[in-house]
Amino acid sequence: MNNKSFWAAFITGLTVGAVVALVYAPHDGKTTRKKIGRAYGDAEDALEDAADYVKDRAERLSKEASHAYKKGVKQLDEVYSKASDALDDIYSEAKDRLASAADSAIDGVETASKKVRAMV
């Protein structure tokens, strides 16, 4: 179906639908307009209620997300602090062991040196 045929069929269907609606309308125009007005008002109220619900829900979710973010940051700080303390302890222990090993090595070299001198 080409573009002209589509639009011709669309306009014909629209016209026939409008005529059928007017012929078979259950009420006169005034009553129908009142019903449409009431339905519009009801829809407007429903949309306002829905908008209020969405707004309240968004505010609550925003507060929950903010709380979760702050809690996550606090937990991350705690983990970082514990990890930092653990690394400091490991560093200090390794430094002490290395110093002790170096002292032992120096003592061993000095002892060996004394033995060599005594032999010479």
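The coordinates are above.
In short, a report on the structure. Every value quoted in this text rests on a predicted model; they were computed, and no experiment measured them.

Cut-offs used in this document
Counting from 1, residues in each chain are numbered in the order their sequence is written. Reporting in this predicted model follows two pLDDT cut-offs: at least 70 for local features of residues, and 80 or more for side-chain atom pairs to be given and counted; totals over whole chains, interfaces and linings ignore these cut-offs and use all residues. Note that water and hydrogens are dropped before the side-chain values are worked out from all heavy atoms of the structure. A run of H or I in DSSP counts as a helix once it spans at least four residues, and a run of E counts as a strand once it spans at least two, with each numbered from the N terminus. A simple rule labels every residue: compare its accessible area, found with a 1.4 Å probe on the protein chains alone, to the largest value its type can have, and call it buried under 20%, exposed over 50%, or partly exposed in between. In this analysis, rings of Phe, Tyr and Trp, with Trp reduced to its six-membered ring, are considered paired at centre separations within 6.5 Å, and the interplanar angle assigns stacked below 30 degrees, edge-to-face beyond 60, and tilted for intermediate values.

Describing the environment of Leu 76
Reasoning step 1: Looking at where Leu 76 falls in the secondary structure, it is placed in helix H2 (residues 29–119).
Reasoning step 2: Classification of Leu 76 by relative accessible area gives exposed; the value is 58%.
Reasoning step 3: In this structure, the C-alpha to C-alpha distance between Leu 76 and Val 120, residues 44 residues apart in sequence, is 64 Å.

Digging into the packing of aromatic side chains
Reasoning step 1: Under the counting rule described, the total for this entry stands at three aromatic pairs.
Reasoning step 2: Their ring planes at 15 degrees and their centres at 6.3 Å tell us that Phe 6 and Phe 10 sit as a pair that is stacked. Linking Phe 6 with Phe 10, this pair stays in helix H1 (residues 3–23), spanning four residues, or about one helical turn.
Reasoning step 3: Take Phe 6: its relative accessible area is 41%, and that puts it in the partly exposed class.
Reasoning step 4: Geometrically, the ring pair formed by Trp 7 and Phe 10 is edge-to-face, given 5.6 Å between the ring centres and 85 degrees between the ring planes. Of the two residues, Trp 7 and Phe 10 are both situated in helix H1; the distance of three residues between them amounts to about one turn of the helix.
Reasoning step 5: By the ring-pair criterion, three or more aromatic residues cluster together here, those being Phe 6, Trp 7 and Phe 10.

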